[in-house]
Amino acid sequence: MRAVARAAGVSASTVMAHLDRHGNLDRLGCGRISNWDPRATMRRITFGARSWDSLAAFAAVMQVHRSTAWAWLKNGEVERIMARVIQADGRKAKAGAA
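Values in this document were obtained by computation on a predicted structure and should not be read as measured data.

For the rest of this paragraph, the subject is the pattern of salt bridges. One pass over the structure, following the stated rule, counts two salt bridges. For Asp 89, the salt bridge is made with Arg 50, and the minimal N-O distance between the two is 2.6 Å. Placement of Asp 89 in helix H5 (residues 78-97) and of Arg 50 in strand E3 (residues 50-52) is noted, with a sequence separation of 39 residues between them. The class of Asp 89 is partly exposed, set by a relative accessible area of 31%. When its relative accessible area of 35% is taken as the criterion, Arg 50 is described as partly exposed. When the shortest N-O distance is used, the salt bridge between Glu 77 and Arg 80 registers 3.2 Å.

Core analysis: the biggest nonpolar cluster contains 14 residues, and Trp 52, Phe 58, Met 62, Leu 73 and Ile 81 have the highest contact counts within it. Looking at this core, the elements with two or more residues in it are strand E2 (45-47), helix H3 (55-62), helix H4 (66-74) and H5. At four residues, the largest contribution of residues to this core is made by H3. Other than its neighbours up to four places away in sequence, Ile 81 contacts Phe 47, Phe 58, Met 62, Trp 72 and Leu 73.

Parameters at a glance
- Residues numbered from 1 in each chain as written.
- Predicted model: local features only at pLDDT ≥ 70, side-chain atom pairs only at ≥ 80, totals over all residues.
- Heavy atoms only, no water.
- Salt bridge = Lys/Arg side-chain N within 4 Å of Asp/Glu carboxyl O.
- Helix = DSSP H or I, 4+ residues; strand = E, 2+ residues; numbered from the N terminus.
- Buried < 20%, exposed > 50% of the residue type's maximum accessible area, 1.4 Å probe, protein only.
- Core = buried A, V, L, I, M, F, W, Y, C linked by side-chain atoms within 4.5 Å.
- Contact = heavy atoms within 4.5 Å.

Encoded structure:
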């Protein structure tokens, strides 16, 4: 258990809680915010291979309010976040082609 936790950058209790909640480790480490303090606006947000310098930057890409973006991360809404990332990539590609 410790090796899995170390590899994912989370605690062993997080691995256990994830298994209890989801029954697998597919989403382990997705949407991780290190040392999060909700009053701090300049925390690096990592989601899969992507990262943003702040919650505000993440929310801007998602095109939602910061509180909504935080709730999505906190609740582990991976599918919703991935859909927004894909939409943002499409907008970026379209803007680059124009």
